[in-house]
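# Close look at the chain arrangement
The primary structure of each chain is shown beneath.
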Amino acid sequence: MNLAAMDQHESSVDEAVAECPQRMKGQQFLAELVRRSGVKAVFFVPTFLYPTLVELAKDPVKRVLCHSEKAAAYMADDYAQASGRPTMVIVQGGPGATNLYAGLADAWQSHTPLLAVTPVLPGSRYQGNSYQEAYVDFRPVTKYDAEVRSIDRMAEFFGKAYREMTTGAPRPVHLYLDGALEDAEAEFDFRYLDPRYFSYPAFRPRADDELVGQALLEIRRAARPVMVCGRGTVVSGAWEEVTALAEQLGLPVTTTLNGKGSIDERHPLALGVTGTYRRPPTDAVIAEADLVLYVGGHQGGATTNMRRLPKPGVRVIHIDINPAQPGANYPNVLPLIGDARTVLRQLLDAAGVTKRSGPGEWVRQAQQDLQAWRAGEHAHMHGNRIPIRPEQLADELVNACPRNTLFVADTGYVGTWAGVFMDLPAGRNFLHCEGSLGWAFPAAMGAKAAAPERTVVAFTGDGGFFYHLAEIETAVRNEINLITVVLNNQAMAFQTHLLRSVWPGSPNLDKLSEFGDTNFAAMAREMGAWGVRVTDPRDIGKAIREAIDANRPAVIDVVIDQAAVAPVAVMAGQGSRAGTPPASFDRKTDR
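The notes below deal with the structure included here.

### Digging into helix 12 (residues 340-351)
Compared with an ideal rise of 1.5 Å per residue, which puts 12 residues at 16 Å, helix 12 spans 16 Å between its outermost C-alpha atoms and is within 8% of the ideal. With 9 of 12 residues buried, helix 12 lies mostly within the body of the structure. Among all positions in helix 12, only Ala-340, Arg-341, Thr-342, Val-343, Leu-344, Gln-346, Leu-347, Leu-348 and Ala-351 are buried. A distance of 3.3 Å separates the backbone nitrogen of Arg-341 from a side-chain oxygen at the start of helix 12, and that oxygen is part of Asp-339. Where helix 12 terminates, the next one or two residues include Gly-352, which has phi positive at roughly 75°.

### Some words on the pairing of strand 20 (residues 554-559)
Within strand 20, 6 of the 6 residues are buried, leaving the element largely enclosed by the surrounding structure. Of the two faces of strand 20, both are covered, the one formed by Ala-554, Ile-556 and Val-558 as well as the one formed by Val-555, Asp-557 and Val-559. Strand direction decides the pairing type here: strand 19 (residues 530-534) and strand 20, joined by 5 bridges, are parallel. Within the sheet, the bridge partner assigned to Val-534 lies in strand 20 and is Val-558. Chirality of the crossover, the property in question, places the unit of strand 19, helix 23 (residues 540-550) and strand 20 among those that are right-handed.

### Let's talk about the packing of helix 4 (residues 69-83) against helix 5 (residues 95-109)
One can describe the packing of helix 4 onto helix 5 by two numbers: an axis separation of 7 Å at closest approach and a directional angle of 35°. The element helix 4 and its partner helix 5 pack so that their crossing is right-handed. Two secondary-structure elements touch here, helix 4 through Glu-69, Lys-70, Ala-73, Tyr-74 and Asp-77 and helix 5 through Gly-96, Asn-99, Leu-100, Ala-102, Gly-103, Leu-104, Asp-106 and Ala-107. Classifying every residue of the contact of helix 4 with helix 5 gives 6 nonpolar, 3 polar and 4 charged.

Thresholds applied
Chains are numbered independently. Their residues run from 1 in the order of the written sequence. Reporting of local features is limited, given that this is a predicted model, to residues whose pLDDT is at least 70; pairs of side-chain atoms are given and counted only at 80 or more, and all residues count toward the totals for whole chains, interfaces and linings. Side-chain numbers here rest on the full set of heavy atoms in the structure, without hydrogens or water. Secondary structure elements are defined from DSSP: runs of H or I of at least 4 residues count as helices, runs of E of at least 2 residues count as strands, and each element is numbered from the N terminus. For a helix, the expected span equals 1.5 Å multiplied by the residue count minus one. Under the scheme applied here, a residue whose accessible area is under 20% of the maximum for its type counts as buried, over 50% as exposed, and between as partly exposed, the area being computed with a 1.4 Å probe on protein chains only. Pairs of N or O atoms are called polar contacts if they sit within 3.5 Å, as long as, within protein, a hydrogen donor faces a hydrogen acceptor (for residues adjacent in sequence, only side-chain-to-side-chain pairs). Criterion used throughout: strands pair if DSSP finds at least two bridges between them. Handedness is read with the strands pointing away from the viewer; a crossover is right-handed when the path from the first strand over the helix to the second is clockwise. Interaxial angles span 0 to 180 degrees and are taken between N-to-C directions of axes, which are lines fitted to C-alpha atoms, for helices over the stretch in contact. Should the near helix be turned counterclockwise from the far one by less than a right angle, the crossing is left-handed, whereas a clockwise turn marks it as right-handed. Throughout, a contact is declared for two residues whenever any of their heavy atoms are within 4.5 Å. All amino acids are sorted into three groups, where Ala, Val, Leu, Ile, Met, Phe, Trp, Tyr, Cys and Pro are nonpolar, Asp, Glu, Lys and Arg are charged, and the leftover types, Gly among them, are polar.

The following block contains the structure:
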């Protein structure tokens, strides 16, 4: 934050402290809350909080009516990730709340803050066989869950919700709200709504200086150190610090799939994505490392390839804002508890100005392996094969889009191609879910609502796009002009490859994982969007440029080679990367 922004921030905080309580209706309070939070959109499925939404009629805030509660949650999820500001998702109770729960699971796993609000029945109707009387326990997917039944404490509870979701490890929160409070009137103390908590991270704590010094000493003594950057690095905006520390200490840098953007992927020290959905040369680097510096990411199964990489016993230094995370999955950990950007700056300050004279043999070997891998993939990325190879689609997509494009990728098969073959600059340029197939399209709508000035591209497969097709109409109606690129291979490709390799003689295997040929571009045009189908890789760039110029929601349906095997770790060495189905697979697979 620059000095002018800091002065403005401190001024707004001082004004909030000095503010006197104001008398108003509950609906006016909620509308004022949305205004003060600084968000450009809220997402909802009717019919809850209509009086509040009407109060916002004259505000420049999009009130985005969605077709499903889960999609609305995904939109709010990626709105927060793209903007750094949590927004609100509003849905009906009962069955609506059950759908919302599913949408919050990914935000919980990805540590994304958002405020979900659903109605609670008044005491007079409780346990009275009321219409849609079903209760959902949101505690497993929220950091804070409470009931707001008194208008006198309404400001207090909403203030608590914002404090909880933007401090420490951010996560979603949920409030059950008595709808009758909208029309009630009271004195509202806006000092509960401290503006510091309307963005995240709300605070940037420092790590213990003595531990920082010890970490630096151990990194310098290590013969084969490597840095692994996770989602928290991007959330913290620490890409400049990552690059500076890597250059200062001669550290090769890999990222998790959600950590893409922690360093420019064309930087000489950048090796690409590690973990289950990885760039294959990273396997050797992590396997041979004698010290791993984790920055802003948990050491979960996807990051460590089911705890295979690094090997148990390897020394780990872990930077994380959550004190409980370092050492949770791996022993032999030195914890640096604090904000990623702040702690990396501490390491830089402690390192001084002396840089390593040049990359050591450890780094040179990693660079050579990466270049050899790139050369081996040249035919896939530039061979103009028909059906189109996913490698070439990912590469052409990056080349055709503006440099500041925000890519939003689905999980599984599509996420792997995006993670491995999209070389992106440093910054918040790539957002990926934690495992909810179908997330990318509605999530990208949320990202575009947060950053309308940027080109936003949803990268999904046909299996994922089918989940929320109805939201094309939502994008058209609300003029949310994102571009959706559908990797269309008429199948759930991971499952198709598995079935063909393990049960090749079984009849009608196609019925277990494959779809009919669907032209998503034609469907998009019928719903008022711009759409085109691409079957020749030489037309990809032209399609992207035309979609950008169309200045309305766009769908590019790209027909892909169904036999292309994604470079997923559990499939390593067990399938042809030349375009033919694999011979055999490890049975551990996911979508």
